[in-house]
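Coordinates in review
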Amino acid sequence: QVQLVESGGGLVQAGGSLRLSCAASGRTFSSYAMGWFRQAPGKEREFVATISRSGGSTVYADSVKGRFTISRDNAKNMVYLQMNSLKPEDTAVYYCAGGRDYYYTAPHEYNYWGQGTQVTVSS
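Residues numbered from 1 in each chain as written. Predicted model: local features only at pLDDT ≥ 70, side-chain atom pairs only at ≥ 80, totals over all residues. Heavy atoms only, no water.

**Concerning the overall build of the protein chain**
As a reminder of what qualifies: Numbering goes from the N terminus for both helices and strands, where a helix is a DSSP run of H or I of at least four residues and a strand is a run of E of at least two. It is over C-alpha atoms that the radius of gyration is taken, and the globule rule equals 2.2 Å times the number of residues to the power 0.38. Burial classification: accessible surface area is computed with a 1.4 Å probe over protein chains only, and a residue below 20% of its type maximum counts as buried, one above 50% as exposed, and the rest as partly exposed. Should any heavy atoms of two residues lie within 4.5 Å, those residues are counted as being in contact.
Tallying secondary structure elements over the protein chain gives zero helices and 11 strands in all. The N-to-C order of helical and strand elements in the protein chain reads β-β-β-β-β-β-β-β-β-β-β. At 13 Å, the protein chain has a C-alpha radius of gyration in line with the 14 Å of a compact globule built from 123 residues. Expressed as lengths along the three principal axes of its C-alpha atoms, the size of the protein chain is roughly 40 × 25 × 25 Å. Split into buried and exposed, the 123 residues of the protein chain put 45% on the buried side. Contacts in the protein chain between residues far apart in sequence, at least 24 positions, make up 58% of those at least 6 positions apart.

Printed below as a string of structure tokens:
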């Protein structure tokens, strides 16, 4: 089992950058694929990016491809989401999640979730 805590959210102007972090507890962190999801008010939770157990493979939603980068440090039990060229439509609560494999992009495929961190992008 793994517990997840996100941090790094905040208010930023359009075109700016933020780096989200997710700290994981437990000795089995490297056995989980990790993902970032987001949920805007009134909308369903949506996939943003995933990364494989080793960090060697990643998948991105089309809406963030080329702007966001997911990475992980298994020695530190951390996963990150570097967000550049932010747009107002990126405004949402961002969640990190642990799951079976990185090629799963549906939220229900992920068993472990953090509490979320708010990202607000002003125009």
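**Things to note about the pairing of strand β8 (residues 78–83)**
Spelled out, the test is: One bridge is not enough; two strands pair if DSSP finds at least two bridges between them.
Of all six residues making up β8, five are buried, and the element is well covered by its neighbours. Here six bridges tie strand β7 (residues 68–73) to β8, and the two strands are oriented antiparallel to one another. Along β8, the bridge assignment pairs Phe68 with Met83. In sequence, β7 turns back onto β8 through a hairpin of four residues, with Asn77 there showing a positive phi of about 55°.

**Some details on the side chain of Arg38**
Keep this limit in mind: Polar contact is the term for a pair of N or O atoms within 3.5 Å; when the atoms are in protein, one must be able to donate a hydrogen and the other to accept it, and sequence-neighboring residues count only if both atoms are side-chain atoms.
You can see Arg38 is positioned in strand β4 (residues 33–39). Within polar-contact distance, the side chain of Arg38 engages the side chain of Asp90 at 2.9 Å. Filtering out sequence-adjacent residues up to four positions away, Arg38 remains in contact with Glu44, Arg45, Glu46, Val48, Ser63, Val64, Phe68, Glu89, Asp90, Ala92, Val93 and Tyr94.

Don't take any of this as a statement about function, it's just geometry.
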